[in-house]
Amino acid sequence: MAGPALAVLGLPFAAFVLLAGVPPLRRRGRLAGALSIAAVAGALGVALDLWRRGIRVEARWTWIPADGGPVASVGVLVDELSAAMLVLVTGISFLVQVYSLSYLDAEPPPALGRYYAYQALFAFSMLGLVLAPGFLQMFVFWELVGLCSYLLIGYWYARPAAARAAVKAFWVTKLGDLGFVVGIVMLWGATGTFDFAPLFALAARGGLPAEGLGAILLLVYLGAVGKSAQVPLHVWLPDAMEGPTPVSALIHAATMVTAGVFLVTRAMPLFALAPDVLALVGWVGAITAFLAATMACVEDDIKRVLAYSTVSQLGYMMAAAGAGAPEAGFGHLLTHGVFKALLFLAAGAVIHALGTNDIFRMGGLFGAMWQTGTAFVVGSLALAGVWPLAGFFSKEAVLAGVLAGGRPGPFLLLAVTTFLTAFYMFRVVFVAFLGRPHPGAHPHEAPVLMTGPLWVLIALTVGLGARAAGDGTAAAHGPGWLAPLSLGLAAAGVLLAWAMYRRQAPAALRLAGLLAPLAFVARKRYGLDALYAAAYRGAILGLSLVVGWVDRYVVDGLVNLWSALTLRGGDLLRRVQSGRAQDYVYGVAFGVLVLFLWAQWVMR
Amino acid sequence: MTAEAVAFWAVAGVLVAASLGVVLTPNLFHAVLYLAAALVATGVVFLLLAAPFLFGVQLLLYAGGVVTILVFAIMLTERLAGERITQTSRWIANGAVLAAAMLVGVLGFLGRAPQAPPAPAAPDRTVDVARALTGPFALPLELLGALLVAALMGAAYFARPED
Amino acid sequence: MGLHAYLGLAAVVFAVGLFGVLTRRNAIGILLGIELMLNAVNINLAAFTRFHGDPTGLVFALFTIAITVAEVGVGLAIVIAIFRVRRTVEADHLTLLRG
């Protein structure tokens, strides 16, 4: 029964092995792409089948055997959670890889082959993470996914900014991963297993130790903080935009960054036993959502706006999980994956056509690029939470969940964030897609390999929303005033953006002027980046100073001391060699005396 | 007190006094003369020890030959220097201590050894010495001759005139 | 007089000779001290022959005397040679072997 799940895993892995191990194949760029796309398409087919049929499977094989049962095991776990993620990962992967054929058409074939090898590896890693039946396998694939992120952010490794961004992503997430691994090892120490099924059974029975559990889960949550870009470990995600846009769409919108939310959702039976940690998760999520939204309001780079938006929406998901409504958070994860990928791919089409990311160098793009423009507007509407698109339902579910969980503070923050989300997205729409075209820009519509995925995603966004609307479950979400409230906030945000950027209304501009200090602080990213850089530099340089001092004065000092002692000793001993025969006779006589003494007293 | 004992103590006193004179007197020439006296006294000791042959050899070679050589050497170095070479000593205290320690050490050994019974009057060993020299010690005797030739040549080389 | 008396006498002369070797500044003075020490050894050897009946002691004494004569000859030749070059026979100044 584990066959299909293993096939989903195995196809991208096979593609990666082929591309990595057969350089002639990889050097033929488009051929490598075709191979990887075929593998992912196959995996998508199997995943859809698994999901549609509602199959549940759990299979485990021993990895590290030991006397009292295996220390570690690997396997696959297919349930509703992982089946949905399988479809999401393979689906978005497939669309992004097709899109990349066109987006990266200017790349030399060997580089393109490298790109697709990394993409195949990433698909394999993310799928392995999703299918993990236990913390250990999840952690192994967690790290693999981080590696792929590094490789793909730094795809254009000759660009210093890209290389730095890749390293920064790696370091920051590594900090979180440290907590993760310490947490799961401590958990293993307390319970003797890494796997979810036994752990959840223990939790249900009440067999988990209560005191240490909070600390352990906090450490595990740290991994999620890093990977899902929660404050304060969010600083890597905006810089990760140095990678190609399809990579941003796949990894930093839909899949890798959601691994943290996935972790919390998957381990909810354990987290439910530590309400303090959940409260922290909720608060951190809400604060992240709010801060990231403020930073998105002042960004001029279209991809950075989308990056901060992703951070903000991840905060939404975490807030829902922390409030005890993980299904709402996961639902938002799925819908967000679709329309954020749509937004990124549309932005990519714009960047590919114009060669710039700055929205103030764009304008009136709707005219020349109506397909892309439609995609972007649909995505923005979904993100802002406008009925009847998918985003409205999932966001409302999150708000309802947070309210129902008894968390008024986070709820307030999330509500304000809804307003800000609509504002910053439509700021981009009004500045870049409507209005007068920028003098230096020469936009043209994207080729079909890029617009194709866009239309697929548009259809998915609309379709998911229609399904949710038709489901009738919309009515079950939250108190009656919630839906109008969220719609109203979204509308207010759109209105303000229209007023500021389309009409240039003086009242709106005065409001902007009032908020200028906040804007300034937001532009400086609340000093977090600078803080990290200073701390990092301080720690490393400080350590190297200490080590250097020890090396110069202690280690070298010992050696020098030894040599000085030898020299001094030599000088002293040299005086014995006076060159005068009489002194030597002294020595001989003295030695004979010693012999006498020895013979008289020792030999007796 | 037997006659031998009286003789012994007398010669011993002369010998020790002469030796002290050798090492203590400032004048080098006087030191050589004191040495001559000491060597003669030693020869008398040899007589007391029933070794008249040795007494003869001592007088001939030591008191005669060596002292002569020493006198010549002093005269040569004195003349070359153009002034009387005076004799001063250094580190007397150290040397005295060390010498005294050596004496104590040896006497200590002697003290522990059991007293030998007084030996009977010894016969003259000269014939035995002669037999030994031409018997087991023949080879060393020849080598001694070679040594003396070598020493002679060496001394002649060292003391050759400068040119 | 017993063996010990002669050995004791020899020990005294030896110590005096040693004192001379250690303290004399003049090279020839040092040689004189060496002479005394060798003398003392000869007394020892003769005493052993007298009291143990073995003529080997006398033979050794003879050899010692002969070798000492050779040694004095060569030694003084060296002293004269040094004197010619260095214009001094003070042992303190002869430090060519200094390390």
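In short, a report on the structure.

1. Some remarks on unusual backbone geometry
Residue Val231(A) is joined to Pro232(A) through a cis peptide bond whose omega torsion reads 5 degrees. Along the polypeptide, Pro232(A) turns up in the loop between α9 (210-227) and α10 (236-239). Even without a glycine there, the phi angle at Ala229(A) is positive, about 55 degrees. With respect to the secondary-structure elements, Ala229(A) resides in the loop between α9 and α10. If you check the backbone angles, Ala50(B) has positive phi at about 60 degrees while not being a glycine.

2. Remarks on the interface of chain B and chain A
Each partner contributes to the interface: chain B provides 12 residues, whereas chain A provides 13 residues. Both faces considered, chain B and chain A share a buried interface measuring about 1,100 Å² in area, 64% of it formed by carbon and sulfur atoms. Inspection of the chain B/chain A interface yields zero salt bridges. Inspection of the chain B/chain A interface yields one residue pair in polar contact (both at pLDDT 80 or more).

3. Details of the packing of helix α5 (residues 109-130) of chain A against helix α11 (residues 245-254) of chain A
All names here are of chain A. Orientation of α5 relative to α11, taken along the N-to-C sense of each, is 5 degrees, at an axis distance of 12 Å. Comparing their axes, α11 and α5 come out roughly parallel. Residue-level inspection shows Tyr 115, Gln 119 and Phe 122 of α5 in contact with α11, the latter providing Pro 246, Val 247, Leu 250 and Ile 251. In the contact of α5 with α11, the residues fall into six nonpolar, one polar and no charged.

4. Re the environment of Arg56(A)
Residue and element names in this part refer to chain A. By the secondary structure assignment, Arg 56 is in the loop between α3 (29-53) and β1 (57-64). Between the C-alpha atoms of Arg 56 and Ser 82, which are 26 residues apart in sequence, the distance is 9.7 Å. Not counting residues within four places of it along the chain, the set of residues in contact with Arg 56 comprises Val 78, Asp 79 and Glu 80.

5. Remarks on the pattern of salt bridges
Residue and element names in this part refer to chain A. Going through the model one piece at a time under the given rule, you end up with 14 salt bridges over all chains. A salt bridge links Arg 159 to Glu 242, with the nearest nitrogen and oxygen atoms 3.4 Å apart. You can see Arg 159 sitting in the loop between α6 (135-153) and α7 (160-191) and its partner Glu 242 sitting in the loop between α10 and α11, a full 83 residues away along the chain. By relative accessible area, which is 38% here, Arg 159 ends up partly exposed.

Cut-off values and rules
Residues numbered from 1 in each chain as written. Chains lettered and ligands numbered in written order. Predicted model: local features only at pLDDT ≥ 70, side-chain atom pairs only at ≥ 80, totals over all residues. Heavy atoms only, no water. Helix = DSSP H or I, 4+ residues; strand = E, 2+ residues; numbered from the N terminus. Contact = heavy atoms within 4.5 Å. Buried area = accessible area lost by both parts, 1.4 Å probe. Salt bridge = Lys/Arg side-chain N within 4 Å of Asp/Glu carboxyl O. Polar contact = N/O pair within 3.5 Å; in protein donor to acceptor, adjacent residues only side chain to side chain. Axes fitted to C-alpha atoms, helices over the stretch in contact; angles between N-to-C directions. Parallel < 35°, antiparallel > 145°, perpendicular 65-115°, else oblique. Nonpolar A, V, L, I, M, F, W, Y, C, P; charged D, E, K, R; others polar. Buried < 20%, exposed > 50% of the residue type's maximum accessible area, 1.4 Å probe, protein only.

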